[in-house]
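Residue strings, one per chain:
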Amino acid sequence: MAFQAPIDTYQGKIREVIMGGESNQITVGGEIAMPFHFFEGEMSRKPVIAMEVYDVAPDNWSSAVAKPFRDVLSDPVVWAKKCQDEFGADMICLRLVSTDPNGENRDPAEAAETVKAVLEAISVPLCVYGSGNIEKDGEVLKKVAEVTEGQRVILGPSQEDNYKPITAAAIGYKHNVSGLSPIDVNMAKQLNILMTQLGLEADRLVMDPSGAALGYGLEYVYSIMERLRLAALQQNDEMTQMPILCDFGREVWKAKEAKTEDEPSWGDPEKRGILWEFMTAASMLIAGGDVLVMRHPEAVKLTKKFIEELMS
Amino acid sequence: MALTGLDIYKKLPQKNCGECGIPTCLAFAMKLAAGQAQLEACPYVSEETKTELSEASAPPIRLVTIGTGDKAIKIGEEAVLFRHEKTFYNQPGLAVLVDDGMSDAEIDGKLAQIKNSQFERVGQLLRADLVAVKSSSNDAGRFTELVKKAMGTEFPLVLITDNSEVMKAALLVCAQSKPLLCAANENNFEQMANLAKENNCPLVVAAKDLNALSELVEKITAQGVKDLVLDSGSRSIKDSLKDATFIRRAALKKKFKPLGYPIIAFPCEAYDDPYMEAVAAAVSIMKYAGVIVVKDLEPWRALPLYVLRQNIYTDPQKPMQIDEGIYPIGEPDENSPVLLTTNFSLTYFTVSGEVEASKVPCWICIMDVEGLSVLTAWAAGKFIPENIGPFMKRCGITDKVSHRKVSIPGYVAQISGELEDELPDWVVEVGPREAGDIPSYLKNWSN
């Protein structure tokens, strides 16, 4: 019996989303086959890595992941530049944690100033994530959209309860939006429908199906991503054809296996943490991730090597 | 080619008795063809038909057992390409490589490591499964000595040599422990197949590509060897992903018998960088390997691999659960906060992680709601005051704290009044909806 390669054919295609201003654009998406299945469809765009930058110095990072940023943690502009120049970040993901009403509660205009300063200092595209506070994120991201007009920033997270102001801001000032849904195919799809119904072009959307770390729900997100990708490619379901953003860096570094230093039976803590993030990244890529939001520079470097290895 | 449902139906008794659990013989035949039913379920089928149909009803990917006793591992018999379609059943075995060209100290170190790299997590023991013993010396005496040493670990073995004489010598000391013989290739397959058959051991078939592999498998099965494991020759992550995908698809979707066996992967031969080797192994866990041979399982590399394997092989139809009870975080005392939530393990991990991060010692009361998350359990009528009241009394928290204040998840704020009726001694306080807000909540908590 002769072997015949069982090639699958797909009807759908992942949309291409352009990020960044005129001079520094990157495009993600465009896949016409399951991830890294070069044998049945090219993958013309490389997945990209956005490195996290906080607008105020984080006080709860473990020393393994804080160490590489020791000298820059209190200055988001220098921090972002370091990620770009030294660590090879394809993008910066700026988190406006200072705006959280349960924390510093910085007002939107002040937070937007930081965004503007970071944007001016870097030449890679930007993603701006609010604190996750439903109401405040709507106000903050509107201001951010205004001061970054035309720079095709990814604004997020846009959720079921605040997608309206965020989507409106993205339409008005020509940005992209990241829609966050709680590990659920239908809710991810529904959010895309709602945002496009408001008038946002479908190729300005990425999906954030929720971030999860190895050992902490990774398998749920992994399978949701595979299902979204199969719906997009096999069933040609248009409202699942957005590129996927994976926001797992902060989840990884919350995991005790990644950050615990006083557990000798778990082996070298620094290497263990880096591998925890790298392995989470590789899993997300195999499941269909297009934009990875990551933290540790060594994990970023290894993930880039992994992407090169697969794309070569 | 495998039989269709209709072909099978023609050979069944066609009584439509339903004793197999399926109402009609036709429906039963369809299930047999899809590998979702066992012919044994039919009480009326003749022995003759049984033999005839056994091939059609055999699982599309053969189940192969390596080793004997408690530590034996079963691989194969997978039914889907994506875990959400059903589940992945048999976890791949992780094998650590020792080579008879290594120094004694190095060998002893690795053998000790495979025994020591064990962890307990969510109630499961995570550990390596096999020792892969390789002959690079091509010397039967040296190889046999190493095999004896490796047998001391009591883990099942993979014997790696292309030399059938060396293999034969090693089998004299370990055949009864049913090692995996690795490998038969186009030059040695007759001898290797004989060794596998005589000693009743599973055999790896290795070829340079999937065409050659399919042909070689057919030659070896013709010799009567049934328990096979496939090596398509690919080593890089990219090529292994491709071959593993083709093998799994050919077996499941095309019912292509020559590739209906588990796969062995060798990250150890592709990557010197320990991180890349570990992640190559990770990709093999996700994409279809049955045995994965790595150079090393030092704890910092072993733990993430075991956890990934646990994640990927979790049954997606069954939520992960933890045991009901009281979980102390930090070193709580009689004045510490009491938090209540459900036994969905993701809920527990998230909540306990945030409590730990807050550095406020707490008691977390975990109630058994069959592994559902808070909102789902409430909607399903499980996480409701009538059940929570008795749980709070039986769990023993009243002996742990002197105060009587319990914090419930913000998502079930609506039950707080009724819960106070159930627990008249207690003050029920509504906590945050999202776990991420627990630290700030605890900072302001007072009893």
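Reading the values: the criteria
- Residues numbered from 1 in each chain as written.
- Chains lettered and ligands numbered in written order.
- Predicted model: local features only at pLDDT ≥ 70, side-chain atom pairs only at ≥ 80, totals over all residues.
- Heavy atoms only, no water.
- Helix = DSSP H or I, 4+ residues; strand = E, 2+ residues; numbered from the N terminus.
- Rg over C-alpha atoms; globule rule 2.2 N^0.38 Å.
- Buried < 20%, exposed > 50% of the residue type's maximum accessible area, 1.4 Å probe, protein only.
- Contact = heavy atoms within 4.5 Å.
- Areas by Shrake-Rupley, 256 points an atom, 1.4 Å probe, with all protein chains shown as cover.
- Lys, Arg positive; Asp, Glu negative; His and termini not counted.
- Charge placed at Lys NZ, Arg CZ, Asp CG, Glu CD.
- Core = buried A, V, L, I, M, F, W, Y, C linked by side-chain atoms within 4.5 Å.
- Domains from an automatic or database assignment.
- Salt bridge = Lys/Arg side-chain N within 4 Å of Asp/Glu carboxyl O.
- Pairing = 2+ DSSP bridges.
- Axes fitted to C-alpha atoms, helices over the stretch in contact; angles between N-to-C directions.
- Left-handed = near helix turned anticlockwise from the far one by under 90°.
- Expected span 1.5 Å × (residues − 1).
- Buried area = accessible area lost by both parts, 1.4 Å probe.
- Polar contact = N/O pair within 3.5 Å; in protein donor to acceptor, adjacent residues only side chain to side chain.
- Nonpolar A, V, L, I, M, F, W, Y, C, P; charged D, E, K, R; others polar.
- Arc of directions from axis to C-beta.

Concerning the overall build of chain A
Helix and strand content of chain A: eleven helices and ten strands. In terms of overall dimensions, chain A is globule-like: its C-alpha atoms have a radius of gyration of 19 Å, near the 20 Å expected for 312 residues. Across its three principal axes, chain A shows a C-alpha extent of roughly 65 × 55 × 35 Å. The buried share of chain A, taken over its 312 residues, is 62%. Taking contacts inside chain A between residues at least 6 apart in sequence as the whole, the part at least 24 apart equals 70%. Of the roughly 11,200 Å² of accessible surface on chain A, 45% is carried by carbon and sulfur atoms.

As for the overall build of chain B
Secondary structure assignment for chain B yields 16 helices and 17 strands. Dimensions along the principal axes, computed over C-alpha positions, put chain B at roughly 80 × 65 × 35 Å. Considering only contacts in chain B between residues 6 or more positions apart, those separated by 24 or more positions represent 66%. As displayed, chain B has an accessible area near 18,600 Å², and 47% of this comes from carbon and sulfur atoms. In chain B, 47 side chains carry a positive charge and 59 a negative one; their mean positions are 5 Å apart.

Re the nonpolar core
Counting residues in hydrophobic clusters, the biggest one holds 200 residues, and the most contacted among them are A:Leu126, A:Phe306, B:Leu159 and B:Ile220. Looking at which element gives the most residues to this core, the answer is helix α10 (residues 269-287) of chain A, with eleven residues. Built from parts of two domains, this core gets at least three residues from each of domain 2 (64-312) and domain 3 (325-443) of chain B. If sequence neighbours within four positions are ignored, B:Ile220 has contacts with B:Ala184, B:Phe189, B:Ala193, B:Leu203, B:Val205, B:Val225 and B:Leu228. Judged by nonpolar contacts, the second largest core, of 24 residues, contains B:Ile326, B:Cys365, B:Ile397 and B:Val406.

Overview of the pattern of salt bridges
Residues and elements named next belong to chain B. Counted under the stated rule, the structure contains 42 salt bridges over all chains. Linking Glu269 and Arg235 is a salt bridge whose minimum nitrogen-to-oxygen distance equals 2.8 Å. Pair noted here: Glu269 is in the loop between β11 (264-265) and α10 (274-286) and Arg235 is in the loop between β10 (228-231) and α9 (237-252), with a separation of 34 residues, a long-range link. Take Glu269: its relative accessible area is 45%, and that puts it in the partly exposed class. Judged by its relative accessible area of 22%, Arg235 is partly exposed. With its nearest N and O atoms 2.9 Å apart, the salt bridge here joins Glu429 to Lys405.

Quick look at the sheet that holds strand β7 (residues 176-180) of chain A
Residue and element names in this part refer to chain A. Reading across from one edge, β8-β7-β6-β5-β4-β3-β10-β9 is the order of the eight strands in this open sheet, with parallel pairing throughout. At either margin of the open sheet sits one strand with a lone partner, and together these are β8 (205-208) and β9 (245-247). For this sheet, the mean angle separating the axes of adjacent strands, direction not counted, is 25°. When strand β4 (residues 91-95) meets strand β5 (residues 126-129), the two strands line up parallel, connected through four bridges.

Describing the packing of helix α2 (residues 76-85) of chain A against helix α3 (residues 108-121) of chain A
Residue and element names in this part refer to chain A. Relative to each other, α2 and α3 sit at 35°, their axes nearing to 9 Å. Relative to α3, the crossing made by α2 is right-handed. Contacts from Pro76, Val77, Ala80 and Lys81 in α2 reach Thr114, Ala117, Val118 and Ala121 in α3.

Digging into helix α4 (residues 134-147) of chain A
All names here are of chain A. Between its first and last C-alpha, α4 extends 21 Å over 14 residues, near the 20 Å set by a 1.5 Å rise per residue. Of the positions making up α4, those classed as buried are Lys136, Asp137, Gly138, Val140, Leu141, Val144 and Ala145. If you follow the buried residues of α4, they end up packed against α3, β5, β6 (154-158) and α5 (163-173).

What to know about the domain arrangement of chain B
We note that the domain assignment places domain 1 (5-57), domain 2 (64-312) and domain 3 (325-443) within chain B. Taken over C-alpha atoms, the centre of domain 2 of chain B sits 45 Å from the centre of domain 3 of chain B.

Examining the interface of chain A and chain B
With 52 residues of chain A at the contact, the number on the chain B side is 54 residues. For the chain A and chain B pair, buried surface summed over both sides reaches about 4,800 Å², with 69% attributable to carbon and sulfur atoms. Put simply, chain A and chain B have six salt bridges between them. In this assembly, chain A and chain B are joined by 14 residue pairs in polar contact (both at pLDDT 80 or more). Within the residue set of the side of chain A that touches chain B, elements represented by two or more residues are α7 (218-233), α9 (256-259), α10 and α11 (297-311) of chain A. If one sorts the elements of the side of chain A that touches chain B by residue count, α10(A) sits on top with ten residues. When grouped by side-chain class, the residues that make up the side of chain A that touches chain B number 30 nonpolar, nine polar and 13 charged.

Some points on α5(A)
One full turn of an α-helix is made of 3.6 residues, so residues set three or four places apart face in the same direction. All names here are of chain A. Among the residues of α5, those classed as buried are Tyr163, Ile166, Thr167, Ala169 and Ala170. Along α5, the residues classed as buried sweep out an arc of 160° about the axis, all on the same side. Looking at the buried positions of α5, the neighbouring elements they touch are α4, β6, β7 and α6 (185-197). Just downstream of α5, Lys174 is the residue with a positive phi angle, here 60°.

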